[in-house]
Amino acid sequence: MSGTRVLVATDHHCPAVALRHAAALAGREGEVVLASVLVVPHAQPLEAALDRAVADACAVLDAGERTAADAASFDTRLLRARSFAEAVLSAMEEEHFDVLVLQV
């Protein structure tokens, strides 16, 4: 893909405004990736079964798929880390993204 890759990350609700901005930034040739971040407490292993938290994070991704209809290409990620920042930085190290969009 030759277009702009945009990462939208959240640890709460579906960032509808951020997704619209990301779609505009990505354009017709780009891709928008929505990452739902699970912050795992230090007292638990990263692979801990956090059923409710995983269900909530997946609901955010599902809502994002419905919201991101404007994006030419859209994908999702479920990230686990000890902090929101750690998850976002790891995602950006593992994959090439041109832009990071956060909704505050």
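In case you missed it, the structure is sitting above this.
This is a predicted model, so every value here is computed, not measured.

Participant: When you look at the pattern of salt bridges in this model, what are you seeing that I'm missing?
Facilitator: Note that side chains of opposite charge can pair when their charged atoms are close. Inspection of every chain in the model, using the stated rule, returns 5 salt bridges. Among the ionic pairs, glutamate 95 bridges to arginine 5, the shortest N-O distance being 3.1 Å. On the criterion of sequence distance, the pair formed by glutamate 95 in the loop between helix H3 (84-94) and strand S4 (99-101) and arginine 5 in strand S1 (residues 5-10) is long-range, its members being 90 residues apart. A relative accessible area of 24% means that glutamate 95 is categorised as partly exposed. With a relative accessible area of 15%, arginine 5 lands in the buried category. Overlapping salt bridges bring together Arg5, Glu31, Asp75, Arg77 and Glu95 as one network.

Participant: Mind showing me how you'd approach helix H1 (residues 16-26) here?
Facilitator: Among all positions in H1, only Ala18, Leu19, Ala22, Ala23 and Ala26 are buried. Around the axis of H1, the buried residues are gathered within 140 degrees of arc, so they sit on the same side. Residues of H1 that are exposed and point more than 90 degrees away from the buried face comprise His21 and Ala24. Residues of H1 that are buried sit in contact with S1, strand S2 (31-39), helix H2 (51-67), strand S3 (74-81) and S4. Looking one or two residues beyond H1, the residue adopting positive phi is glycine 27, at roughly 70 degrees.

Participant: Whenever I open this one, the nonpolar core confuses me. Can you help?
Facilitator: It is characteristic of soluble globular proteins that their nonpolar side chains tend to be buried jointly. Core analysis: the biggest nonpolar cluster contains 12 residues, these being Val6, Val8, Cys14, Ala18, Leu19, Ala22, Ala26, Val32, Leu34, Leu61, Ala63 and Val101. When residues of this core are traced back to their parent elements, those giving at least two are S1, H1, S2 and H2. For this core, the leading source of residues is H1, giving 4 residues.

Participant: What is the right way to read the environment of glutamate 47 from this model?
Facilitator: Relative to the helices and strands, glutamate 47 is located in the loop between S2 and H2. The exposure class of glutamate 47 is exposed, given its relative accessible area of 67%. For the pair formed by glutamate 47 and glycine 64, sequence separation is 17 residues and the distance between their alpha carbons is 24 Å.

Participant: I'm lost on the sheet that holds S3 in this one. Help?
Facilitator: Two pairing modes exist for strands in a sheet, parallel and antiparallel, and in both the strands are linked by backbone hydrogen bonds. Within the open sheet, the 4 strands sit side by side as S3-S2-S1-S4. Their pairing is parallel. Among the strands making up the open sheet, the edge pair consists of S3 and S4. Across this sheet, the average inter-strand angle for adjacent strands is 25 degrees, counted without regard to direction. The sheet contact formed by S2 and S3 spans 8 bridges and is parallel. Note on S3: the bridge partner recorded for leucine 34 is threonine 76.

Participant: Which parts of the structure should I look at to understand H3?
Facilitator: An α-helix turns once every 3.6 residues. As a result, residues three or four positions apart point the same way. Listing the buried residues of H3 in full gives Ala87, Val88 and Ala91. End-on view of H3: buried residues confined to an arc of 95 degrees, all on one side of the axis. In this structure, H3 carries Leu89 and Glu93 as exposed residues pointing more than 90 degrees from its buried face. Lining the buried residues of H3 we find S1, S2, S3 and S4.

Conventions we followed
- The written sequence of each chain sets the order in which its residues are numbered from 1.
- Whole-chain, interface and lining totals are the exception, using all residues; otherwise, since this is a predicted model, local features are given only for residues with pLDDT of at least 70 and side-chain atom pairs are given and counted only at 80 or more.
- The side-chain numbers reported here are obtained from all heavy atoms of the structure, hydrogens and water having been left aside.
- A carboxyl oxygen of Asp or Glu within 4 Å of a side-chain nitrogen of Lys or Arg is what we treat as a salt bridge.
- Each helix is a run of H or I in the DSSP string that is no shorter than four residues. Each strand is a run of E no shorter than two, and both are numbered from the N terminus.
- Exposure is judged per residue with a 1.4 Å probe applied to protein chains only, and the accessible area is read against the type maximum: over 50% gives exposed, under 20% gives buried, and values in between give partly exposed.
- In this description, the arc belongs to the directions extending from the helix axis to the C-beta atoms.
- Throughout, a contact is declared for two residues whenever any of their heavy atoms are within 4.5 Å.
- Among the buried residues, those of types Ala, Val, Leu, Ile, Met, Phe, Trp, Tyr and Cys that are joined through side-chain atoms within 4.5 Å form a nonpolar core.
- Pairs of strands are assigned from DSSP output, requiring at least two bridges between the strands.
- Axis lines are fitted to C-alpha atoms, over the contacting stretch for helices. Their N-to-C directions set the angle, which ranges from 0 to 180 degrees.

As far as function goes, none of this settles anything; it's purely spatial.
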